[in-house]
Amino acid sequence: MGQRPVWFGDYVTIDSWSDLFLKEGFATYFEYHSAAQVHKDWQLEKQFVLEQVQTILVTDSRKDSEALSYNTSDLGEIESRYNDVSYSKGSAVLKMLQSFLGLKNFKKGLNKYLTDHAQNVATPDELWSSFEDFKPKDVPDKLTVVMDNWTKKAGYPLLSLTQNEANITVTQQRFLLSDDDSDYTKWYVPITYTTSADPSKFTETTTKQWLTPDTNVTIVLDKKDNWIILNNQQVGYYRVNYDKTLLAKIKDALNSDGQGKIDEISRSQLVDDQLNFVRAGKAEYADVLKFLEFMKNDNSYYTWYSAFEGFSYLLKRTNDDKIRTPLKKYVKDLMESLLVSVPFTTEKPTDQIYTLKQVLALKWACNLGEENCVNNATAAFTSYTTDDKIPSRNLKSIVYCTGLKNSKNSTNDYDFLYNKYLSTDLATEQVTILEALGCVNNSTIRQEYLKVALTDKVRIQNVDFVFKSVYCNNEKEGVNDMLHFIQNNYQDFEKHFGTQSTLTTLISEVGDWITNQEQIDTLNEFLKTDELNASIKEAVKTAVASATTNLNEISTLEGKLKDYFGPTSGASINTYHLPSHNEEAENQAYTVRKEFKIRVGNGEQDIKIRYINGSPRILAYSTYCK
């Protein structure tokens, strides 16, 4: 996986840049599914669901999302196609195709496609036609017809299930986060499902029925069936909404012994769907947060990954401490069993899933102020500063950030870690430290740290880590620091970078983190600066518009959360920091035997694992935020 496949870009080239997914979608698909054949213990096919499918489902649920095939007419439009839709949705749709064709038929079709179009160009319709002779008999139409809306229309379907005695009716409509029912796009949807009568079927991904644009589907339950769950292994590119009766039965199963034998990817999908339904106004927060209480007894990495994604949104879009405090307590209470399963002091370096879960869980625990996690992390940081005892390689980002957040001598501890940054030649360690230095609990030091990004002490490709370490790790204080930094140093950006693009991008990103009117006022005041050029002014106006939307969203969200948490007030919990996704800088210092890079479009999650001395090692698990 270190080298991206060349067959779907060089050997067979895309006929038009409008169909870039034929190249990048295949590359992303094979990055996971080819390596999965080599390292089955890494569970890469399951990780694909989290990092590709569930991630792009959020992006593709916005009204301005673009189709996989999207007309391009100039260089700028071509460059814009290198996005999450081409990479992640492309790979997700190809995975769905592979599932309803069957793996053997999928391989046969690919061989035909590569043979027929070798050293030539091809279109999506020519790809679909290559599978025509190998498709199962139940596929309801020609593949060029079946796949048409999956590639030429933006978005994806929401499948809604309603029960009438033994009959389950399945209908579809486009899923949007906005309250808009004006899009009537329909798809050919392959349906898989499992019932309580035989939970072993969760691993079976052969299509059982097809939902078409013109007809609904009826599933008849057996008398022995208590619950039904659609979309085994989440191989279909859609969400599933159950009526209250069906969801209540699933909830009861999840809260029973063994969680009703509902498998972890289905649990993950249920969590991800429910948290997005509530964002879209299709569910109530009180109901969803009660539904998630089954997670008190769920220690699966996959379920928690999906939950943390949803909790990240809630904490990013709330400002009132009377809501944030009980919300943080709610998450910490849910995590008790999870934390027992991944003790701070117990590492399993050859178990990748355990390690991923440990890092994810402890990152959240420390940033929510969980006492045991904070004590362990600060103790490890103190051992580093006093005895030069290097922290665990996979927990370094947690130790560094938590140590600086809870430092009793901010200047000394910051200087210590900054000097470690200056003295190391390891690119991975440099990035890990850069992402942590912004956690320091002193605004004056953070302001000085931001200025380092405008010097030669930070590589151009790493400046983003400096900025995000400040505004992602310190709630509204970090955003305030960024706004003041921009106001006071905007003229230095072009001098250092030779362009204003770094500044305009930063302004836009910070705008998405604004949570109060005072911060908007700061931007508006900055807009009055006479020396600002047109591109900077436009970026500021865009940030103000984004921030204004945020405030409206925060007001709505907090109103809904009050229904669950009530007007409770309480002591503030330690500063929350959005758990991050990984980025990896190239590091030639290691002796590498094998290297696999798992890429999620646009840097949403980018983990590089090097297989050293027989063991998988996560080189960087950073605090890079969305």
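First things first, this report covers the structure right here in the doc.

### Details of the packing of helix H21 (residues 427-437) against helix H23 (residues 463-471)
Then, in step 1: Remark: H21 packs on H23, axes separated minimally by 6 Å, with the N-to-C direction vectors making an angle of 30 degrees. If you check the angle between H21 and H23, you find them roughly parallel. Two packed elements cross with a definite hand, and for H21 against H23 that hand is right-handed. Contacts between H21 and H23 pair Val 431, Leu 434 and Glu 435 from the former with Phe 465, Val 466 and Ser 469 from the latter.
Then, in step 2: Per-class residue counts for the contact of H21 with H23 are four nonpolar, one polar and one charged.

### With respect to the sheet that holds strand S8 (residues 217-220)
Then, in step 1: Strand order in the open sheet formed by four strands is S8-S4-S3-S10, and the pairing between neighbours is mixed. Edge strands, defined here as strands with exactly one partner in the open sheet, are S8 and strand S10 (239-242). Strand-to-strand, the axes of this sheet are offset by a mean angle of 25 degrees, without reference to chain direction.
Then, in step 2: Examined bridge by bridge, strand S3 (residues 157-164) and strand S4 (residues 167-174) share eight bridges and lie antiparallel to one another. In the strand pairing of S4, Leu 161 is matched with Val 170.
Then, in step 3: Sitting on the sheet, helix H11 (residues 244-254) touches S3, S4 and S10, and the angle it makes with S3 is about 90 degrees.

### What about the side chain of Ser 99?
Then, in step 1: Turning to its location among the elements, Ser 99 is positioned in helix H6 (residues 84-101).
Then, in step 2: Once residues lying within four places of it in the same chain are set aside, the contact partners of Ser 99 are Thr 205 and Val 235.

### Comments concerning the environment of Glu 293
Then, in step 1: Assignment of secondary structure puts Glu 293 in the loop between helix H13 (285-291) and helix H14 (301-316).
Then, in step 2: The exposure class assigned to Glu 293 is partly exposed, which follows from its relative accessible area of 30%.
Then, in step 3: Separated by 37 residues in sequence, Glu 293 and Tyr 330 have C-alpha atoms that sit 9.3 Å apart.
Then, in step 4: Within the structure, the side chain of Glu 293 is placed 3.1 Å from the side chain of Tyr 564, a separation counted as a polar contact.

### Notes on the pairing of S4
In the case of a regular strand, side chains alternate between the two sheet surfaces.
Then, in step 1: Here S4 shows a buried face lined by Ile 168, Val 170, Gln 172 and Arg 174 and an unburied face lined by Asn 167, Thr 169, Thr 171 and Gln 173.
Then, in step 2: In textbook terms, the turn of a hairpin is the stretch between consecutive antiparallel strands, and for S3 and S4 this stretch comprises two residues, one of which, Glu 165, has a positive phi near 60 degrees.
Then, in step 3: Pairing between S4 and S8: four bridges, direction antiparallel. When the bridges of S8 are listed, Asn 167 appears paired with Val 220.

Criteria and thresholds
- The written sequence of each chain sets the order in which its residues are numbered from 1.
- Predicted model: local features are reported for residues with pLDDT of at least 70 only, side-chain atom pairs are reported and counted for 80 or more only, and whole-chain, interface and lining totals are derived from all residues.
- With hydrogens and water excluded, all non-hydrogen atoms of the structure serve as input to the side-chain values.
- Axis lines are fitted to C-alpha atoms, over the contacting stretch for helices. Their N-to-C directions set the angle, which ranges from 0 to 180 degrees.
- Helix numbering and strand numbering both begin at the N terminus, where a helix is a DSSP run of H or I of at least 4 residues and a strand a DSSP run of E of at least 2.
- Working definition: roughly parallel below 35 degrees, roughly antiparallel above 145 degrees, roughly perpendicular at 65 to 115 degrees, and oblique for all remaining angles.
- Crossing handedness follows the turn of the near helix against the far one: under a right angle anticlockwise gives a left-handed crossing, and clockwise gives a right-handed one.
- In this analysis, two residues are considered to be in contact whenever any of their non-hydrogen atoms come within 4.5 Å of each other.
- Ten residue types, Ala, Val, Leu, Ile, Met, Phe, Trp, Tyr, Cys and Pro, are classed as nonpolar, four, Asp, Glu, Lys and Arg, as charged, and the remainder, Gly among them, as polar.
- Should DSSP find at least two bridges between two strands, the strands are regarded as paired.
- Remark: exposure states derive from per-residue accessible area (1.4 Å probe, protein chains only) relative to the maximum for the residue type, with buried under 20%, exposed over 50%, and partly exposed in between.
- In the analysis that follows, any N or O atom pair within 3.5 Å is treated as a polar contact, provided that within protein one partner can donate a hydrogen and the other can accept it, and provided that, for residues neighboring in sequence, both atoms belong to side chains.

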